[in-house]
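# A closer look at the structure
The residues making up each chain are set out below.
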Amino acid sequence: MDENFQEELFTGIIKFTPPLYKQRYQFIKDLVGKYKPKKVADLGCADCTLLWMLKFCSCIEVLAGLDICASVMKEKMHRLSPLPGDYLQPAERSLTVTLHHGSVAHKDPCMLGFDLVTCIELIEHLEQSELKKFPDVVFGFMSPSIVVISTPNSEFNPLLPGVTLFRHPDHKFEWNRAQFQSWALEAARHYDYSVEFTGVGHPPTGMENVGFCTQIGVFVRKYPQASESAQSEKPTKAAYKTVFSGSQFQFLLQHETLPSTLFSAQIIKQSLLHRLMSEHEEYNDDPTERKSRFQPSMNCFSEDLGKLVVEKSMEPFVNGNVVYVPLKTIFSFPKVNRLCGTFENLSKLIAGKVTLSSDGSAVMFNIEHENEEN
């Protein structure tokens, strides 16, 4: 849950460098760097700050956020869209980000299959009935390889100015270290996880006995996920409402694929025309006859482009005043290949945006003006 503002007020005398909330997020980033999870879910994602930080981790392919407050997510979710620099230099990986509105006390199949689940400053916001269901949802149902749970350490509270009962008005409880560890060890035992305890926010010198300001439990599943028969028993009915869903890769594809395709096709076309004109100049120096003798040629690539051709169907050709550049040849260009991933993606992304041959296999260029100029 988002309580960064309150933390800044309460820690005005005790200075955390960097700020406590950044230390929590950095802890997660370090964990991601260590375990390299591909799919990460943040429960209680609030303003999506952690998700925004994690989207720059190259190992992650899927990010999901869940929060009970849809308005906060909607206000900040634009940060999860690609940055201008992403368009200039697209990443080679695919990244899909999804935000869901719902309660961590409910089970939804969209949260299955994650490697890492984070619950940063979440459990203290849960009602007793929700807290009771929480372990079964996260450890039993979602059953990720790793779960990270952080929560305030109430033993640190006397050092925080302005704190009388709880650090945040929405907190339903705040545990000391013994209470948190008792709860965590029981959950770990019941669902076959191991758990290690740590934290962020060191106490002042001489007061180390109070422990970290934020206590953290890192749970690691002991055994592989449940068998297929057990998985089949999991509910399939959706309990969450999706408020944001987007593939960073698809955003970049839409922006990058068309210009990259046209640029590559233009290079191929110009190489073809240059080769054809050179051949005809060598055969006949009379410029008045060049246009009439401008015939199709299968030997049309420069040496560099020729290395891309692996079959005759990939060679461009001229028919009358039209140059045909096969999509297979365009797809052979490294940047186009990297952007699209598959030939089928290329075909879909440029359909209706460029002039294609009747069978859709080649981009067509009318070269009437080029011929007249020559």
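Above: the structure in question.
The model shown is predicted, which means the values in this text are computed figures rather than measured ones. (Residues numbered from 1 in each chain as written. Predicted model: local features only at pLDDT ≥ 70, side-chain atom pairs only at ≥ 80, totals over all residues. Heavy atoms only, no water.)

### What to know about the overall build of the chain
Test applied: A run of H or I in DSSP counts as a helix once it spans at least four residues, and a run of E counts as a strand once it spans at least two, with each numbered from the N terminus. Buried, partly exposed and exposed residues are distinguished by accessible area as a fraction of the type maximum, computed with a 1.4 Å probe on protein chains only: under 20%, between the cut-offs, and over 50%, respectively. What makes two residues a contact is simply this: any of their non-hydrogen atoms within 4.5 Å. Here the open area of atoms and residues is found with the Shrake-Rupley method and a 1.4 Å probe, where only the protein chains shown may cover a residue.
The number of helices and strands found in the chain is 14 helices and eleven strands. Counting all 374 residues of the chain, 48% fall into the buried class. Of the contacts made within the chain by residues no fewer than 6 positions apart, 73% connect residues no fewer than 24 positions apart. Carbon and sulfur atoms make up 53% of the accessible area of the chain, which totals about 18900 Å².

### A short note on the packing of aromatic side chains
Note on aromatic pairs: each is described by the distance of the centres and the angle between the planes. Note the following rule: Classification of ring pairs uses Phe, Tyr and Trp, with its six-membered ring standing for Trp, and accepts pairs whose centres are within 6.5 Å; under 30 degrees between planes counts as stacked, over 60 as edge-to-face, and the remaining range as tilted.
Evaluation of the coordinates by the stated rule reveals 14 aromatic pairs. Measuring from ring centre to ring centre gives 5.5 Å for tryptophan 52 and phenylalanine 56, while their planes differ by 85°; the resulting arrangement is edge-to-face. Judged by its relative accessible area of 31%, tryptophan 52 falls in the partly exposed class. Looking at phenylalanine 56, the relative accessible area reads 43%, which means it is partly exposed. A centroid spacing of 6.1 Å and a plane angle of 25° characterise the contact between phenylalanine 139 and tyrosine 191, whose relative ring orientation is stacked. Residue phenylalanine 139 is found in helix 6 (residues 128-142), and its partner tyrosine 191 is found in the loop between helix 7 (177-190) and strand 6 (193-200); the two are separated by 52 residues along the sequence.

### What about the nonpolar core?
Spelled out, the test is: The definition of a nonpolar core used throughout is a set of buried Ala, Val, Leu, Ile, Met, Phe, Trp, Tyr and Cys residues joined through side-chain atoms within 4.5 Å.
The biggest cluster of nonpolar side chains holds 42 residues, and the ones touching the most others in it are Leu54, Ile60, Leu99 and Val148. Looking at this core, the elements with two or more residues in it are helix 2 (20-35), helix 3 (49-54), helix 4 (70-76), strand 3 (96-101), strand 4 (116-120), strand 5 (146-152), strand 7 (214-221) and strand 8 (241-247). Not counting the four nearest positions on each side in its chain, leucine 54 is found in contact with Ile28, Lys29, Val32, Val40, Ile60 and Leu63. Grouped together as the second largest cluster of nonpolar side chains are 32 residues, Ala64, Val104, Met142 and Ala188 included.

### Description of the pattern of salt bridges
Quick reminder of the rule: Think of a salt bridge as a Lys or Arg side-chain nitrogen and an Asp or Glu carboxyl oxygen that are within 4 Å of each other.
Here the structure, examined in full by the defined rule, presents five salt bridges. Among the salt bridges present, the one from arginine 189 reaches glutamate 186, with a minimum N-O distance of 2.7 Å. Taken as a pair, arginine 189 and glutamate 186 lie in helix 7 at a separation of three residues, close to a single helical turn. Judged by relative accessible area, arginine 189 falls into the exposed class, the value being 54%.

### A closer look at the side chain of asparagine 157
Relative to the assigned elements, asparagine 157 resides in the loop between strand 5 and helix 7. The exposure class assigned to asparagine 157 is buried, which follows from its relative accessible area of 7%.

### Describing the environment of serine 150
Threshold: Residues adjacent in sequence count toward polar contacts only when both atoms are side-chain atoms; beyond that, a polar contact is any pair of N or O atoms within 3.5 Å, and within protein one must be able to donate a hydrogen and the other to accept it.
Here serine 150 is to be found in strand 5. Take serine 150: its relative accessible area is 1%, and that puts it in the buried class. Sequence spacing of serine 150 and leucine 122 is 28 residues, and the spatial spacing of their C-alpha atoms is 7.4 Å. Among the polar contacts made by the side chain of serine 150, one reaches the side chain of glutamate 121 at a distance of 2.7 Å.

### Observations concerning the sheet that holds strand 11 (residues 362-366)
Put simply, the test is: A pair of strands counts as paired when DSSP detects no fewer than two bridges linking them. To get an axis, fit a line to the C-alpha atoms, keeping to the stretch in contact for a helix; angles then go from 0 to 180 degrees between the N-to-C directions.
Read across the open sheet, the three strands follow the order 9-10-11; overall the sheet is antiparallel. For this open sheet the edge positions go to strand 9 (317-319) and strand 11, each flanked by a neighbour on one side alone. Taking each pair of neighbouring strands and ignoring which way they run, the sheet shows an average axis angle of 30°.

### Some points on helix 6
Threshold: In this analysis, the expected span of each helix is defined as 1.5 Å times one less than the number of residues it contains. Working definition for bend: take the seven residues up to and ending at a residue and the seven starting at it, fit an axis to each, and measure the angle between the axes.
The end-to-end C-alpha separation of helix 6 is 20 Å, in line with the 21 Å expected for 15 residues at 1.5 Å each. Remark: the principal bend of helix 6, roughly 30°, maps to phenylalanine 134, with a proline, proline 135, within the next four residues. Listed as buried for helix 6 are Leu131, Phe134, Pro135, Val137, Val138, Phe139, Phe141 and Met142. Buried residues in helix 6 make contact with strand 1 (39-43), strand 4, strand 5, helix 7, strand 6 and strand 7. Just beyond helix 6, the residue with positive phi is serine 143, at close to 45°.

### Re the pairing of strand 1
Two faces, one strand: in a regular strand the side chains alternate between the faces of the sheet. Our working rule: Here a crossover is taken to be right-handed if, once the strands point away from the viewer, the path from the first strand over the helix to the second is traced clockwise.
The element strand 1 is largely enclosed, with a buried count of four among its five residues. Where strand 1 lies against strand 2 (residues 62-67), five bridges are found, and the strand directions are parallel. Across the sheet, residue alanine 41 finds its bridge partner in strand 2, namely alanine 64. Traced from strand 1 through helix 3 to strand 2, the parallel crossover comes out right-handed. Alignment of strand 1 against strand 4, held across three bridges, turns out to be parallel. Looking at strand 4, one finds that aspartate 42 is bridged to threonine 118.

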